[in-house]
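Inside the fold
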Amino acid sequence: MTKKTVQARSRVIGVDIHPSCFSASAFSGKNIQESKHLWSHDKVDMDRLPSWAKRHLQASDIVVMESGNSSFECCKVLRELGYRSVVLESYSVGRIGDSHLKNDIVDSMKIAQVYLSGLAKEVWQPDEACRERREVLAIYQRATRDSSRTQNRLSGWATQ
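Residues numbered from 1 in each chain as written. Predicted model: local features only at pLDDT ≥ 70, side-chain atom pairs only at ≥ 80, totals over all residues. Heavy atoms only, no water.

1. Things to note about helix α2 (residues 49–56)
Among all positions of α2, only Leu49, Trp52 and Ala53 are buried. Viewed end-on, α2 has its buried residues packed into an arc of 100 degrees, placing them on one side of the element. Of the residues in α2, the exposed ones pointing more than 90 degrees away from the buried face are Lys54 and Arg55. Buried residues in α2 make contact with β1 (11–17), β2 (21–28), β3 (36–45) and α3 (71–80). (Buried < 20%, exposed > 50% of the residue type's maximum accessible area, 1.4 Å probe, protein only. Helix = DSSP H or I, 4+ residues; strand = E, 2+ residues; numbered from the N terminus. Arc of directions from axis to C-beta. Contact = heavy atoms within 4.5 Å.)

Now the structure itself:
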């Protein structure tokens, strides 16, 4: 195994996701002690995720992100493109390190470094059927809440 092959296998890309954009930082190395910062991209449009991934990621890269609103959807897009993506538990990522300079690049670097350190837990990612069931459950719960609210308003109006 050549040195170039070892480096190609050990790239970790930390991604800080927001609803409209994301920031990413790449590290090479097998662990936090051997890691080396390679590059960072800031405020990339979320719509450009597939084209950005094809341009900047290698097949052997591991893309890590903190659990959040869009993380499972981003993982799905990256997996469909053939990349390995991991969602990390946000509680364990947030506990590691407190920075005085807080921005998206620093957060993406922290996510990658936490993964390299082995201190963050991976989150189970639901399959398509489970996501559909969760969506149906969420719709049902909203309908139940709205129905109860409407019944209470009507009862209150009727008793006045």
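2. Overview of the nonpolar core
Core analysis: the largest hydrophobic core is formed by 20 residues, its most contacted members being Ile13, Val15, Phe22, Trp52, Leu57, Met65 and Leu78. Those elements that provide at least two residues to this core are β1, β2, β3, α2, β4 (62–66) and α3. (Core = buried A, V, L, I, M, F, W, Y, C linked by side-chain atoms within 4.5 Å.)

3. Details of the sheet that holds β2
Spatially, β3-β2-β1-β4-β5 is the arrangement adopted by the five strands of the open sheet, whose pairing is mixed. At either margin of the open sheet sits one strand with a lone partner, and together these are β3 and β5 (84–88). In this sheet, adjacent strand axes meet at a mean angle of 20 degrees when their direction is disregarded. Relative to β4, β1 runs parallel, the two sharing four bridges. Along β4, the bridge assignment pairs Val15 with Met65. Against the sheet, α3 contacts β1, β4 and β5, and its axis sits at roughly 165 degrees relative to β5. Where helix α5 (residues 104–117) meets the sheet, it contacts β1, β2, β3, β4 and β5, and its direction lies at approximately 45 degrees from that of β2. (Pairing = 2+ DSSP bridges. Axes fitted to C-alpha atoms, helices over the stretch in contact; angles between N-to-C directions.)

4. Description of α5
Over its 14 residues, α5 extends 20 Å from the first C-alpha to the last, a length consistent with the 20 Å expected when each residue adds 1.5 Å. Those residues of α5 that sit buried are Asp104, Ile105, Asp107, Ser108, Ile111, Ala112, Val114, Tyr115 and Leu116. Gly118, located one to two residues past α5, shows a positive phi value of around 85 degrees. (Expected span 1.5 Å × (residues − 1).)

5. Side note on the packing of aromatic side chains
Tallied over the full model, the rule gives two aromatic pairs. With a centroid separation of 5.1 Å and an interplanar angle of 80 degrees, the aromatic rings of Phe22 and Trp52 are classed as edge-to-face. With Phe22 in strand β2 and Trp52 in helix α2, the pair connects residues that are 30 residues apart, well separated along the chain. In terms of burial, Phe22 and Trp52 fall into one category: buried. Pairing Trp39 with Trp52 gives two aromatic rings, centres 6.0 Å apart and planes at 75 degrees, and the pair type is edge-to-face. You can see Trp39 sitting in strand β3 and its partner Trp52 sitting in helix α2, a full 13 residues away along the chain. Exposure remark for Trp52: the relative accessible area of 5% places this residue in the buried category. A connected cluster of aromatic rings, assembled from ring pairs, spans Phe22, Trp39 and Trp52. (Phe/Tyr/Trp six-rings, centres within 6.5 Å; stacked < 30°, edge-to-face > 60°.)

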